[in-house]
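Residue-level structural notes
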Amino acid sequence: MGSEAEENLDKCFDVVSAVVRKAGDLIASRFWKSKKVQQKLSDIDLVTETDQEVEKLLIDTLTAEFPHHRFIGEEATSEGAKCELTDAPTWIIDPVDGTMNFVHSFPHSCISIALLVKKQAEIAIIYNPVLKQLFTARRGQGAFYNGKQMHVSDKKEVSQALVVAEFGTSRDEKKLDIMLENFRKILQTSHGVRALGSAALNMAYVAVGGADVNFEFGIHAWDIAAGDLIVREAGGVVIDPAGGPLDLMSRRVLAASSPELASEFSKLIKQYYPEPRD
Ligand code: IPD
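Below: a short report on this structure. Everything quoted here is computed from the prediction, not taken from an experiment. (Residues numbered from 1 in each chain as written. Predicted model: local features only at pLDDT ≥ 70, side-chain atom pairs only at ≥ 80, totals over all residues. Heavy atoms only, no water.)

1. A closer look at the overall build of the protein chain
- Of regular secondary structure, the protein chain possesses 8 helices and 14 strands.
- Against the globule reference of 19 Å for 278 residues, the protein chain gives a C-alpha radius of gyration of 18 Å, in line with a compact fold.
- A burial count over the protein chain gives 54% of its 278 residues as buried.
- Contacts in the protein chain between residues at least 24 apart in sequence constitute 65% of all its contacts with a sequence separation of at least 6.
- A total accessible area of about 12400 Å² is found for the protein chain, and carbon and sulfur atoms account for 52% of it.
- Taken as two groups, the 31 positive and 40 negative side-chain charges of the protein chain have centres that lie 2 Å from each other. (Helix = DSSP H or I, 4+ residues; strand = E, 2+ residues; numbered from the N terminus. Rg over C-alpha atoms; globule rule 2.2 N^0.38 Å. Buried < 20%, exposed > 50% of the residue type's maximum accessible area, 1.4 Å probe, protein only. Contact = heavy atoms within 4.5 Å. Areas by Shrake-Rupley, 256 points an atom, 1.4 Å probe, with all protein chains shown as cover. Lys, Arg positive; Asp, Glu negative; His and termini not counted. Charge placed at Lys NZ, Arg CZ, Asp CG, Glu CD.)

What follows is the structure in C-alpha cells.
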C-alpha cells in the first residue's frame, strides 16, 4: 500500500478522470452544433458557453472532493481571477483547448488539466472527446494513450523532424513577422510543419510520437501544464524555446522527442517574448 500522499494522488486521478469523461461528453454533445461565441482579447481569441460550463463542472467537482485545492482556470482568469501558482495543490485547467476549432466544428479540441503540488506536476490529462483520444500521465509512472503506454519518437535531428507549431490567438504584427520567418526556416530545414489549433494536443502528439517538435510563443500555463508532464513521462523534453528550463508562466514552450533535437531547434528559431507573463 502506498503512503497517504500517494493514496491521495490516486484518488485525485480517479476523480479527475471521471469528471473529464463527463465534461468530454458535454463537449462532444455540442460539437457539431452552432455555438454562442464571445470575443476575449482579440477577434480570434474566443470563448463559448461550453468553455465556461466545462470549467465550472471541473472546478465544482474537484472542489467538492478536495476543498483545500486551488485552481488556475483559463476562463476564470479571463474574468479577472488571479493566475497565481503557489505550493498548494493546484489544478491548472483549459476547459476547451482549441476553442476556435470547437467553434468551427473542426474535430481537434480537448480538455487539458494538470495537478501541481509544490509547483511540480503530478497528474496530467489531455482528452479530445470527439476523436476519443485520451492522453494521461502521472509523475514517475509513464504516459498513456487510451490506456496504452506511449513513447516519443526516436528523432534527434531537425532534418528528420515533423514540427507542430501555431501562430496563436494574437494579431500582433511583430509576432506575426517572427512566426512567418520561423515557419519559413522550419519548412526549409525539417520534414514539414503542421498547425492544427490546439496547443495541448500538439504536445500530446509529440508525446505519442506523431510529431517530433512543438513550440509556441504566447500560450498560457493552462495550455501547456498537462502537456509538459505527458511529454516528459513519454521520454521527451520540455524546455524554454531559447534553451534552459521551462517557465510555466513565461508563455513560451518547446517540446521535443530528444534533448539533441530540442537544442538544435532552439538555435534555429527566432525568439519572441510575449508580454505580460501569466
Ligand atoms: C489556444 C489554442 C491555440 C494556441 C493558442 C491557445 P484556447 O487555446 O491552443 O492552438 O495557438 O496559443 O491559446 O484559447 O483555444 O484554449
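2. Comments concerning the packing of helix H6 (residues 199-207) against helix H7 (residues 221-233)
- Across the interface, H6 lies against H7 with an axial gap of 8 Å and an inter-helix angle of 5°. In this view, H6 runs roughly parallel relative to H7, as classed from their interaxial angle. Here Ala-199, Ala-200, Met-203, Val-206 and Ala-207 of H6 lie close against H7, whose contacting residues are Asp-223, Ile-224, Gly-227, Asp-228, Ile-230 and Val-231.
- Tallied by class, the residues present in the contact of H6 with H7 amount to 8 nonpolar, 1 polar and 2 charged. (Axes fitted to C-alpha atoms, helices over the stretch in contact; angles between N-to-C directions. Parallel < 35°, antiparallel > 145°, perpendicular 65-115°, else oblique. Nonpolar A, V, L, I, M, F, W, Y, C, P; charged D, E, K, R; others polar.)

3. Some words on the sheet that holds strand E11 (residues 192-194)
- Strand order across the open sheet formed by 5 strands is E11-E10-E12-E14-E13, with mixed pairing between neighbours. At either margin of the open sheet sits one strand with a lone partner, and together these are E11 and strand E13 (237-239). This sheet shows a mean twist of 20° between the axes of neighbouring strands, independent of strand direction. (Pairing = 2+ DSSP bridges.)

4. So, the pairing of strand E5 (residues 110-117)
- A large share of E5 lies buried, amounting to 7 of its 8 residues.
- With 6 bridges connecting them, strand E4 (residues 90-97) and E5 associate as antiparallel partners. When the sheet's bridge partners are listed, Ile-93 is paired in E5 with Ile-113.
- Of the pairings in the sheet, the one linking E5 to strand E6 (residues 120-128) comprises 7 bridges and is antiparallel in character. Paired with Ile-111 across the strands is Tyr-127, a residue of E6.
- The hairpin turn running from E5 into E6, its antiparallel successor, is 2 residues long, and Lys-118 in that turn takes a positive phi close to 50°.

5. Observations concerning the sheet that holds E6
- Reading across the sheet, the 7 strands line up as E3-E4-E5-E6-E7-E8-E9 and stay open at both edges, with mixed pairing between neighbours. With one partner strand each, in any of the chains shown, strand E3 (70-73) and strand E9 (148-149) form the two edges of the open sheet.
- Bridge count for strand E8 (residues 143-145) against E9 is 2 bridges, and the pairing is antiparallel. Pairing of Tyr-145 across the sheet is with Lys-148, part of E9.
- Against the sheet, helix H2 (residues 49-65) engages E3, E4 and E5, with an angle of about 155° to E4.
- Across the sheet, H7 is in contact with E3, E4, E5, E6, strand E7 (133-138) and E8; its angle to E6 comes to roughly 105°.

6. Considering the environment of Leu-115
- Within the fold, Leu-115 resides in strand E5.
- Judged by its relative accessible area of 0%, Leu-115 falls in the buried class.
- Taking the C-alpha atoms as reference points, Leu-115 and Ile-93, 22 residues apart in sequence, are found 8.9 Å from one another.
- Discounting chain neighbours no more than four positions away, the residues touching Leu-115 are Leu-9, Cys-12, His-69, Pro-89, Thr-90, Trp-91, Gln-120, Ala-121, Glu-122 and Ile-123.

7. A few points about the site of the ligand
- Neighbouring the ligand are 14 residues; Asp-97, Gly-98, Thr-99, Ala-199 and Glu-216 lie closest to it.
- Measuring from an oxygen atom of the ligand, one finds a backbone N or O atom of Gly-98 at 2.8 Å.
- Within the side chain of Glu-216, a nitrogen or oxygen atom sits 2.5 Å from an oxygen atom of the ligand.
- Protein chains shield 95% of the accessible area of the ligand, which is 370 Å² for the free molecule.
- Here the ligand occupies the largest pocket.
- No other element matches E4, which puts 3 residues into the shell around the ligand.
- A breakdown of the residues in the shell around the ligand according to their chemical character gives 3 nonpolar, 5 polar and 6 charged. (Near = heavy atom within 4 Å. Polar contact = N/O pair within 3.5 Å; in protein donor to acceptor, adjacent residues only side chain to side chain. 1 Å grid on protein atoms, 1.4 Å probe; cavity = no way out; pocket = protein on both sides within 12 Å on 5 of 7 lines; lining within 4 Å. Sits in = over half its atoms within 2 Å of the grid points.)

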